[in-house]
Structure formats: structure tokens, C-alpha cells
Protein chains: 2
Amino acid sequence: MSLTVVGSIAFDAVRTPFGERERMLGGSAVHFSLAAGFFTGVKVVGPVGDDFGEAEYDVLRKRGIDTSDIERVPGGDTFFWRGHYEYDLNVAHTDDTQLNVFGDFQPKLSDSSREAETLFLANIQPDLQFQVREQSQARLVGLDSMNLWIDTARDSLRRAIASVDIVLMNDAELRMLTEQPNLVRAAREVISLGPRMVVAKQGEYGAALFTADSFFALPGYPLEEVVDPTGAGDSFAGGFLGYLDSVADDELSDQELRRAMTYGSVLASFNVEQFGTERVQALTHGEINRRFEEFRLMTHLDTQPVELRSA
Amino acid sequence: MSLTVVGSIAFDAVRTPFGERERMLGGSAVHFSLAAGFFTGVKVVGPVGDDFGEAEYDVLRKRGIDTSDIERVPGGDTFFWRGHYEYDLNVAHTDDTQLNVFGDFQPKLSDSSREAETLFLANIQPDLQFQVREQSQARLVGLDSMNLWIDTARDSLRRAIASVDIVLMNDAELRMLTEQPNLVRAAREVISLGPRMVVAKQGEYGAALFTADSFFALPGYPLEEVVDPTGAGDSFAGGFLGYLDSVADDELSDQELRRAMTYGSVLASFNVEQFGTERVQALTHGEINRRFEEFRLMTHLDTQPVELRSA
């Protein structure tokens, strides 16, 4: 099985209460790939400039990620984002955005990217997401988006959403998209547009999975130190879809979906422990599966109800 | 076993986007008792005025709650609260507070209230909480508080907290109390003051339990309609401590604590389905234990990790 991701490849400058980095590898497609690469073969589609060098390619290649569909734009600069976080690490403050080569990005899938069984449309302009989805032969397609597109391209976003299987978005953005303050109703409304399921990412509170007839939720992993949340949502999506691609089952049983939710949560929890991709780059299989097991233990509720008291 | 709760008994006027009520039975001790009464014998300690009539006593008595320590102040009026919620049901807006007899409340425990094995100090002035705790012979004591006391009586609150076993507070208030933006650290700091454990109530996101060496979290029950969140935290505490009192085990195993968290979550989820105490008044044993089972199913993760991919 294999998985194609289309999204941003970036350099990020980030300051948090715990330190700062002036220039580090980032972007939704990068965070996603580094997580998904633990489960399946990943092809990255996205644009870079001349400043994207061998060191950056190597980070991806070391995880076995196929970089041949990264489009190098001669004379261009790679997408650059500068932001900071205050003590409330749930809110990213953007200080500078230089779209650079990303501003003219017209995704073109190679034959092998087209043929991947799974596709992730990371957060890019929704008309582009729709075009990519139309080019792809994937049997399982996931999509992320953000408030910018809800504000400026809502109809396009709804069309893109209608064409995919799984929507993975922040819970605040799901409420905003549907104008439904109740998350359960917001998720049902998204499902009514076409997708089979919705994953509501809830930051430190974890994540919830809604299908037409089931619900599953996992808390966030209890971390004493969150250094940099940038990319956590994409790492979640990478763990989630990477695992599902490796399962290669069109049915997607409840058990597989719950495992996928857990791997997503595991990867997101590691992502935030250090700046940018630093922690996920250094991750081992043992660390991932130990934390998977911790998630199982910390949510385990194998117990029957008791007899209640009568007044 | 038996349980004493000291807190407010009130009439509430509440408006939400889903309707309003001009005058209904409320108050932390009432919401707590109606939930805890499903598990154990409850004694309520709190003041009421002449306007608190047989109809109100009957609501409590029907659940088998001992009302003999309710202090009736001749010529006084019962505590009155008027508030409303916007579409963000997590935030209560107070429009009017008339403390009435609650303003001069000096809790006095009868012999039988003193002898209860479990005590819940609902949200009242922390010096009063401490005095009640000193009078009580309980082996298990829980405490709730709020931003008002963190702002105006922080040292008193820390002394009260140091004297109890379990702190149950909103997560935002735990952060505020400890000035720790990270919830795990905030909980650890509260435990370092003396309590054996901390329950962080997280509204629609559920609740998390921290002990010195363990963590457990449950999501909120996925409700399509939340009508009135008033009292949800007290219903949680009632289900949680009511169950623990019924267990009568000083050790409090992980399994018992997780069951208590689940019953707390079940009672809180019913509380918000209708105005005030309406839903919890009408609850049946079958409804409670069916939802307990739903919580088990929607968090169930009985699965092993898989072999990961090597690059």
C-alpha cells in the first residue's frame, strides 16, 4: 500500500515560552510524512525553492519517504512562516507569512502519486484539494482545512469535503464551518455532505472520531512540558492515515479506526515535545509502541456497572 | 456508609439558547445530593429561607436524602441566582446574585453529619470549608471551589485544599490556582499541597483524574443537545463521591476510581440534558447503567500495537 500527501513544505521560525528556532524544516506535508512514514510508503507532493537543500531532503529520505514528486521551482524561495505562542499553546500567533513558491502551487500528481491507495489533502486552498482528489485513484482520502478557507472559500471547501472519506479538522473549525456550536451536530452535518467520518482534533483534550453510527474519543497524552505545538495536527493525521493505509482494508473496522486514532494521538504527542520536527525525526519504534500501550492503559475501563441504591 | 455535603441550596433563574426557567431548585448541595443519592445515604447541610417549601424538600426526600440538617432561617430568603448562557455553554454569565440566608451561613454539623464516612465541601468560602472539615470525622473528603475564592481568599483556599483527599475543580481554575498553564503540572502542584488526587473537570471535553502516579481520562458524553449546564460539575462530584462512599474501601483501587469517574461523567451528562435538576430528578437506575456501559464502549481500546515499518 502507499500514501500520497499534498501540502506545504516550509521553513518555520517559531518562538514559544520555552525557546525559539530561527529556521527549521516544517510545513503540513513534512509533519504528516514523517509521522506516516512509520506505517507505510509515503510520497510527498509540494513545492520548494532553491533554498531547500540536501539536508532537508535527507530528513525525509531517512524515513523512507519518496521525494521525487517534490517540485523544485528554480529561482524561487520555499514557503516561510514565522509565528509565536504565548503560555496558551493552543493559539498560534502568525508574525509573518511568505508564500513564495507556494503561492503559485498547482499540484500535479505523477502516475505513481496518482495510484497511491490513500491520499491526504493537507491544508491548502480547497479548489486545489478538489483538483488533486479528481486526479487521484485513492480509495481512502483524508482532508484538513483551516479558518482562512472557511472565511474566504466556504463553497469550494464544502465541495472538496464532499469528495473525501475522512475530514480531520480542529473542533473549533468544525463548529465554524457548520455554524453549529454543538460538536456532535457539527460532525453529523459534515458527514451529511459526503464523508464517511470526521475526526475532531481537540488539542490538549485529545481527539474524537464520529462516524454515522459510532463515537470514539481519546484524551490527549498528559505531558508536563509542551515545547512547540506546530505541526501536531499534521502528525496526528500522519499517524492516523498512515496506519489505515497499512491495514489495507476497505471496511475499516471499529478496532482499526481506534488503533488509527491511537497512533495519531501518539505521533501528535511526540510532535509537541520538541521544536518543529525534531522529536518525530528522532523517534524509535519502541517509543511509539510504548506510548500506544500507555494510551491503552490510561483509558482502560474494563468494568461492569454496579447495583444502584433505591431511595 | 454515608456522605455529608455542605454547600448552597438555591433557587435559580436560567436562560439558555434553548429556553428559560424563572425559578427552579438549584444550588451545589442540591445537584450533588440528587446524583450521590443513587449510590449512598446523603445528608445535606445548608441554609434555606421561608420560601423553601415542602415541594422542594420532597424532591430531596424522594431520592432518600436526609434533609434534617438543612437549616431553615426564619424570616430569611433562600439564596437566589440568575444567569444566562450564550451559544458557548461553557461560560455562565451571572445577572443577579442574592446571597440572602447564604450570606450569614455558619455551617454546623449534627452528630450524624459529623460521623459520615465521606464529606463533600461544595463551593463555599474556603474558611468555612476548613471549619467543616475540622468538625468532620470523614475518612474521605472532597472539595470544589471557584475563581472568586482563588482571587479573594487564595491562602484560605490552599489551607482548605491541604486538609482534603480529593480536589475536584474545573481545569481552568486549577491552572489559575497554581498559576501553571500546563494542567499536568497544575495537578501535581495541588497534590503536593496534600490531597491524594485531583479531578480536573473539563466541561464538554470530559474529566481527567490525576494521582501521584497515575492518570485516567474520560471524554464527555457526545450529546446533540445541551440545554442547561448549570450544576453539571456538582452532579459529577455527586456521582463520583457517591460511588466511592458506597465502595467503602480506604485503598481506592484504580478500578474503583475509574468507575467513580464514569459514574460522575454519566450523572453530569444527564444533568445538562434538561433545565436545573429536571433530568436527574427523573433518572432511572437503568438509564444510568446503560450510559455507564456506553462510556465503556466508546472508550474501549483493547488492542495491541502493530509492527512498524522500517525506512
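Anything mentioned here points back to the structure above.
A brief report on the enclosed structure follows.

## Details of the overall build of chain A
1) Next: Scanning chain A from N- to C-terminus turns up 12 helices and 13 strands.
2) Next: In summary, chain A has a C-alpha radius of gyration of 19 Å against a globular reference of 19 Å for 311 residues, a match within 12%.
3) Next: The principal-axis extents of the C-alpha atoms in chain A amount to approximately 80 × 40 × 35 Å.
4) Next: Going through the 311 residues of chain A one by one, you find that 61% of them count as buried.
5) Next: When contacts within chain A are restricted to residue pairs at least 6 apart in sequence, long-range pairs at least 24 apart make up 63% of them.
6) Next: Summing over all exposed atoms, chain A offers an accessible surface of approximately 11600 Å²; the carbon and sulfur share of this is 45%.

## As for the interface of chain B and chain A
1) Next: Contact with chain B, which involves 58 residues of that partner, is made by 58 residues of chain A.
2) Next: With both sides pooled, the region where chain B packs onto chain A buries about 5100 Å², and carbon together with sulfur makes up 54% of that total.
3) Next: Sorting the residues of chain B by area buried against chain A places Leu301(B), Leu308(B) and Arg309(B) first, and these three jointly supply 16% of that buried surface.
4) Next: Scanning the region where chain B abuts chain A turns up six salt bridges.

## What to know about unusual backbone geometry
Residue and element names in this part refer to chain A.
1) Next: Located in the positive-phi region is Glu179, a residue other than glycine, with phi close to 55°.
2) Next: For Glu179, the position within the fold is in the loop between α7 (171–178) and α8 (183–193).
3) Next: Taking relative accessible area as the criterion, Glu179 reaches 63% and is therefore assigned exposed.
4) Next: One non-glycine residue with positive phi stands out, namely Leu252, at about 55°.

## Notes on the relation of the copies chain B and chain A
1) Next: Between the two copies, chain B and chain A, the superposition gives an RMSD of 0.0 Å; the rotation angle is 180° and the shift along the axis is 0.0 Å. Taken together, the rotation and translation relating the two chain copies correspond to the operation of a two-fold axis.
2) Next: Mapped onto chain A, 100% of the interface residues of chain B again fall at the interface, so both copies present the same surface.

## Thoughts on the environment of Gly194(A)
Residue and element names in this part refer to chain A.
1) Next: Locating Gly194 in the fold gives a position in the loop between α8 and β11 (197–201).
2) Next: Residues Gly194 and Gly49 lie 145 residues apart in sequence; the distance between their C-alpha atoms is 36 Å.
3) Next: Among residues more than four places away in sequence, those in contact with Gly194 are Ala162 and Val164.

## Some details on the sheet that holds strand β3 (residues 19–26) of chain A
Residue and element names in this part refer to chain A.
1) Next: Across the sheet, which stays open at both edges, the four strands sit in the order β3-β2-β6-β7 with mixed pairing between neighbours. This sheet does not close on itself; its edge strands, each paired only once, are β3 and β7 (92–98). For this sheet, the mean angle separating the axes of adjacent strands, direction not counted, is 15°.
2) Next: Where strand β6 (residues 79–85) and β7 come together, six bridges link them in antiparallel fashion. Each bridged residue has a counterpart across the sheet, and for His84 the counterpart in β7 is His93.

## Some details on the packing of helix α10 (residues 254–271) of chain A against helix α12 (residues 285–299) of chain A
All names here are of chain A.
1) Next: Here α10 crosses α12 at 115°, and the two axes come no closer than 9 Å. Taken as a pair, α10 and α12 cross one another with a handedness that is right-handed. Within the contact between the two elements, α10 uses Arg259, Thr262, Tyr263, Ser265, Val266, Leu267, Ser269 and Phe270 and α12 uses Glu287, Ile288, Asn289, Arg291, Phe292 and Phe295.
2) Next: Residue classes in the contact of α10 with α12 are distributed as seven nonpolar, four polar and three charged.

## Side note on the layout of surface pockets
1) Next: In this structure, the second largest pocket spans a volume of roughly 250 Å³.
2) Next: What lines the second largest pocket is a set of 15 residues, and nearest its centre among them are Tyr221(A), Pro222(A), Glu294(A), Met298(A) and Phe215(B).
3) Next: The element contributing the most residues to the lining of the second largest pocket is α12(A), with three residues.
4) Next: A breakdown of the residues in the lining of the second largest pocket according to their chemical character gives nine nonpolar, two polar and four charged.

## Let's talk about empty space enclosed by the protein
1) Next: According to the stated counting rule, one finds two cavities of 30 Å³ or more in the structure shown.
2) Next: Taken as a whole, the largest cavity encloses approximately 90 Å³ of empty space.
3) Next: What lines the largest cavity is Met1(B), Glu117(B), Thr118(B), Arg139(B), Leu140(B), Arg196(B), Leu244(B), Asp245(B), Ala248(B), Asp249(B), Asp250(B) and Leu252(B).
4) Next: Looking at side-chain class alone, the lining of the largest cavity contains five nonpolar, one polar and six charged residues.
5) Next: Here the second largest cavity is characterised by a volume of approximately 40 Å³.
6) Next: Lining the second largest cavity are Leu209(A), Ser214(A), Phe215(A), Phe216(A), Asp254(A), Leu257(A) and Arg258(A).
7) Next: At the level of elements, β13 (215–218) and α10 of chain A are the ones that each hand at least two residues to the lining of the second largest cavity.

## Digging into the pattern of salt bridges
All names here are of chain B.
1) Next: Tallied over the entire structure, the rule returns 36 salt bridges over all chains.
2) Next: With a shortest N-O distance of 3.8 Å, Arg61 and Asp58 are connected by a salt bridge. Within this pair, Arg61 and its partner Asp58 are both found in helix α2 (residues 54–62), separated by three residues, close to a single helical turn.
3) Next: When the shortest N-O distance is used, the salt bridge between Glu179 and Arg154 registers 4.0 Å. Of this pair, Glu179 sits in the loop between α7 (171–178) and α8 (183–192) while Arg154 sits in helix α6 (residues 154–162), placing them 25 residues apart in sequence.

## Side note on α2(B)
All names here are of chain B.
1) Next: Three or more residues of α2 are buried, namely Glu56, Tyr57, Val59 and Leu60. What you see down the axis of α2 is that its buried residues fit within an arc of 150°, all on one side. In α2, the exposed positions angled more than 90 degrees off the buried face are occupied by Ala55 and Lys62.
2) Next: Remark: Gly64 follows α2 within two positions and exhibits a positive phi of approximately 75°.

## What about helix α1 (residues 28–36) of chain A?
1) Next: Taken across its nine residues, α1(A) has nine buried, putting it largely inside the fold.
2) Next: Among all positions of α1(A), only Ser28(A), Ala29(A), Val30(A), His31(A), Phe32(A), Ser33(A), Leu34(A), Ala35(A) and Ala36(A) are buried.

## Quick look at the sheet that holds strand β13 (residues 215–218) of chain B
The strands making up a sheet associate through backbone hydrogen bonding, with each pair oriented either parallel or antiparallel.
Residue and element names in this part refer to chain B.
1) Next: Taken in spatial order, the nine strands of this open sheet run β5-β4-β1-β8-β9-β10-β11-β12-β13, and their pairing is mixed. Sheet topology places β5 (70–72) and β13 at the edges, where each strand pairs with a single neighbour. This sheet shows a mean twist of 15° between the axes of neighbouring strands, independent of strand direction.
2) Next: For strand β10 (residues 166–170) and strand β11 (residues 197–201), the ladder comprises five bridges, and the chain directions are parallel. Looking at β11, one finds that Asn170 is bridged to Lys201.

## Some remarks on the environment of Val184(B)
1) Next: With respect to the secondary-structure elements, Val184(B) resides in helix α8.
2) Next: For Val184(B), a relative accessible area of 6% gives the class buried.
3) Next: As for Val184(B) and Leu174(B), which are separated by 10 residues in sequence, their C-alpha atoms are 9.9 Å apart.
4) Next: Residues within four places of Val184(B) in sequence aside, it is in contact with Pro222(A), Leu223(A), Glu224(A) and Phe210(B).

Each value, and the rule that gives it
- Residues numbered from 1 in each chain as written.
- Chains lettered and ligands numbered in written order.
- Predicted model: local features only at pLDDT ≥ 70, side-chain atom pairs only at ≥ 80, totals over all residues.
- Heavy atoms only, no water.
- Helix = DSSP H or I, 4+ residues; strand = E, 2+ residues; numbered from the N terminus.
- Rg over C-alpha atoms; globule rule 2.2 N^0.38 Å.
- Buried < 20%, exposed > 50% of the residue type's maximum accessible area, 1.4 Å probe, protein only.
- Contact = heavy atoms within 4.5 Å.
- Areas by Shrake-Rupley, 256 points an atom, 1.4 Å probe, with all protein chains shown as cover.
- Buried area = accessible area lost by both parts, 1.4 Å probe.
- Salt bridge = Lys/Arg side-chain N within 4 Å of Asp/Glu carboxyl O.
- Least-squares fit on C-alpha atoms with pLDDT ≥ 70 in both.
- Pairing = 2+ DSSP bridges.
- Axes fitted to C-alpha atoms, helices over the stretch in contact; angles between N-to-C directions.
- Left-handed = near helix turned anticlockwise from the far one by under 90°.
- Nonpolar A, V, L, I, M, F, W, Y, C, P; charged D, E, K, R; others polar.
- 1 Å grid on protein atoms, 1.4 Å probe; cavity = no way out; pocket = protein on both sides within 12 Å on 5 of 7 lines; lining within 4 Å.
- Points joined across faces, edges and corners; volume = space filled by probe spheres on them.
- Arc of directions from axis to C-beta.

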